[in-house]
Structures are given as C-alpha cells and as structure tokens.
Amino acid sequence: MSFTTSIISWNSSENNRSMPWKGAKDPYKIWLSEIILQQTRVAQGLPYYEKFIQNFPTIFDLANAEDQFVFKLWEGLGYYNRCRNLLFTARYIVENYDGIFPKNYEQIIELKGIGPYTAAAIASFAFQLPYAVLDGNVYRVLSRYFGIETPSDSPEGEKIFAKLAQDNLDKKKPGVYNQAIMDFGATICLPAIPKCNQCILSKDCTALALGLINKLPIKEKILKKKTRYFTWFVFRVNDQIFIQQRRAKDIWENLYEFFLVESEGKPNWENKSVNEWLENQFKQHPKELEISPVLSQQLTHQKIFAQFIQISLDRMPVQLPKANWLNIKNLTHFGFPKLCKEFIEQNF
DNA sequence: AAGTCGGGGTG
DNA sequence: CACCCAGACTT
C-alpha cells in the first residue's frame, strides 16, 4: 500500500481527532484558525479561536474592530505580528475583495501573514485545491517514513520535503489528506516517543527499520539565547498609570508596557539609587515606592529577568507624554506581555 | 541564508 | 533543562 493510501486509510479507520473548524468550508474561519495555530499547539490556540469567532463572526467584524481590542484578545498567545498581519489582511480583503476571501493559491499566498503552509491549508481545506501542507508534523512524518536525512530547516531540505509532500498528496481529496497527515503526526508519529507499536505504517517506515526514529527529522540550526534585564517603573499619580506601546522591532511589538529601563547587567535597584534616579530624571521624590522581587520568563530566544518598581508621584513628570497616562480601571483594555499582565492581576 | 518573533507542553 | 508546536517575516 502506498504512503498516501495508508494515510487516507488510517484517517478513515483510526483518526478521531476533532477540532471546531474541521470540515468547515468558510475560508474566513479556516484562515483564522491557521493563523492562530502557527507555531502553536491546538490545545493552546483553541480558546483563542473561540474568543475570536464569538467577537468577530465575520471578516467584516474583524476588519472593523479597534486594534487595541484585537490585541487584547490575542494577549498571551505570543508572536504578536501574527495579530497585526491578521488585522491588516482582514481590512485588505474587505477593501480589495469586498470581504470575499480570494479563491486561488496565488492570490492567497500574496496576503500578509500567509506563507506556504497557510496558503496550502486554506487552498485545500476551503477550495479543494491540490496543494500539500508542510508543517512540523509533515516534516517529521515524511522524514521518518522515507528516511530523509537532509536537515529539514536547510534550504536544500525545504525543497526536497516540498517536492516529497506534493508528490504524495492525494490530489483528489487534498483537504482530507492534508488534515490526515497532520493528525497522524500529532497523535501517532510524535516527536519524542512515537507510537510505533500502534502505527499502521510502521512496517514500511524507513526510520524504524534503520533505528533512526529519535534522530529524524534532522535540524541544523542552533538556537542562540540571550539574557536581558528589564526594570519596569510603574508610575502612578492618584489613579493614573503611565503606559507606553512597544514600537521597536523587538519582542512584544504593539503590546503595551510600563516605563521601561533595560540594563546590561543584573538590575539591583536599592531604594537609594531609585531615589537618585528619579531625582535626576524627573526632579521628584516618590511619595511611596514598592519593589517587586526579580521575576523571570523564558522565551524561545531570550531569557528575561524583570523587576517592577511601583512609584507614586505628586504630579506627572513633564518628560513623560501626557497622553500616556491612563486610569487604572482601563488597564484591562490593553494587551500586555505576560510578565506585565501577571503583575497587573496581582497588584491592581 | 540566517535571525527573530512567545508562550506553553512534554520528556 | 532541551525540544517542539497547523510558520512567516526581515535583513
């Protein structure tokens, strides 16, 4: 039995993975689910999908929404440029296609936030077009079954896997096949400990025969991690709090935060030095001052150490933009990085 | 072609 | 702790 036939067979006999958008024909819902699920586990993305569909049942609702509200709904999901591109593309489709999702692959992949994987997913799920998806699951399944030792994250590997994926696509039912191979990778051909003993493809699996299961797929890129030290000053004047939006090309772009000072070494803010710093910066002493313990967060490429310093002042420092002061009760309307979000939940 | 973008699950 | 997840964009 061919690989393709086996995957289809497994799907009809053993695959019982269910997802709310599975079998959906509305390209808007398929697109939304695919953007949310980029580099994100289904279980993690699911509640966000539900929230978005509830708040934005159609692409027009999303296009008409305020940025800040959409980012608030995305808060905690990570990779925030996905959210920015989602909004941009919703508005683009409303403007240029009367809100009707384009139906051919070339137009789909042209859209912001949609790359080869997402374009193939939309084209095959929504329009039954013969484009093979290539995601982390597919790389793993193909590399093991066919014994491909070329690194899947190299330019050469990407070409080999793209051709292999397309060659094995079931052109008559591309949507069903694409869904099936990803479900297979997510439930049977698992990354660390695959369920080879209950895999109906195991007798033809090259990696299993050669003892390469725990080596494939091969990845060559090495993850570089850097450590950063953030001190967030939570300035407060009566019930007004200072916040700012992150704009630089950096982590958490477009989210909000408190006044940030980043330092090279480990931050060590004693009361005295904060007082001096405030005096130098703003010619004011704090009325009250509270320093949090040093918190940390592990990101994919960065380790963040962070400390919050709450400072009550008599008046707003003229150096800080007046428009950035916000009533405390409106803090919940803005999307914050996880560290700030947790700080807010614990302190306000 | 290489770097960068989050947060959570898993072994 | 390291690795991975329905990847895409920037330089």
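Note that the structure is predicted; figures quoted are calculated from it, not measured.

1. Examining the pairing of strand S8 (residues 302-312)
Look at any regular strand and the pattern is simple: side chains alternate between the two faces of the sheet. Burial analysis of S8 places nine of its 11 residues in the buried class, the great majority of the element. Pairing of strand S1 (residues 226-237) with S8, which is carried by 11 bridges, proceeds in the parallel orientation. Note that in S8 the partner of Phe230 across the bridge is Ala306. Taken together, the four bridges between strand S6 (residues 288-291) and S8 define a ladder with antiparallel strand orientation. Looking at the pairing, Leu289 lines up with Ile311 of S8. Bridge count between strand S7 (residues 295-298) and S8: four bridges; the pairing is antiparallel. Within the sheet, the bridge partner assigned to Ser296 lies in S8 and is Phe305. From the end of S7 to the start of S8, which pair antiparallel, there are three residues.

2. Regarding the packing of aromatic side chains
Counting across every chain of the model gives 34 aromatic pairs. Plain terms: the ring middles of Trp232 and Phe308 are 5.2 Å apart, the flat faces sit at 20 degrees to each other, and that makes the pair stacked. Pair noted here: Trp232 is in strand S1 and Phe308 is in strand S8, with a separation of 76 residues, a long-range link. Classification of Phe308 as buried rests on a relative accessible area of 1%. A network of ring pairs unites the aromatic residues Phe230, Trp232, Trp252, Phe258, Phe308, Phe336, Phe343 and Phe348 as a single cluster. Sitting over the face of the ring of Phe88, Lys112 holds its NZ or CZ atom 4.1 Å from the ring centroid.

3. A closer look at the protein's contact with DNA strand B
Every one of the 20 residues lining DNA strand B counts as a neighbour, but Ile251, Trp252, Gln297, Thr300 and Lys338 are closest to it. Taken together, the sugar and phosphate atoms account for 53% of what DNA strand B places within 4 Å of the protein. Between DNA strand B and the protein, one listed contact pairs a base nitrogen with a backbone N or O atom of Gln39 at 3.0 Å. Here a phosphate oxygen of DNA strand B and a side-chain polar atom of Asp250 are 3.5 Å apart. For the surface near DNA strand B, the class distribution of residues is eight nonpolar, nine polar and three charged.

Cut-offs applied
- Residues numbered from 1 in each chain as written.
- Chains lettered and ligands numbered in written order.
- Predicted model: local features only at pLDDT ≥ 70, side-chain atom pairs only at ≥ 80, totals over all residues.
- Heavy atoms only, no water.
- Buried < 20%, exposed > 50% of the residue type's maximum accessible area, 1.4 Å probe, protein only.
- Helix = DSSP H or I, 4+ residues; strand = E, 2+ residues; numbered from the N terminus.
- Pairing = 2+ DSSP bridges.
- Phe/Tyr/Trp six-rings, centres within 6.5 Å; stacked < 30°, edge-to-face > 60°.
- Lys NZ or Arg CZ within 6 Å of the ring centre and 35° of its normal.
- Near = heavy atom within 4 Å.
- Polar contact = N/O pair within 3.5 Å; in protein donor to acceptor, adjacent residues only side chain to side chain.
- Nonpolar A, V, L, I, M, F, W, Y, C, P; charged D, E, K, R; others polar.

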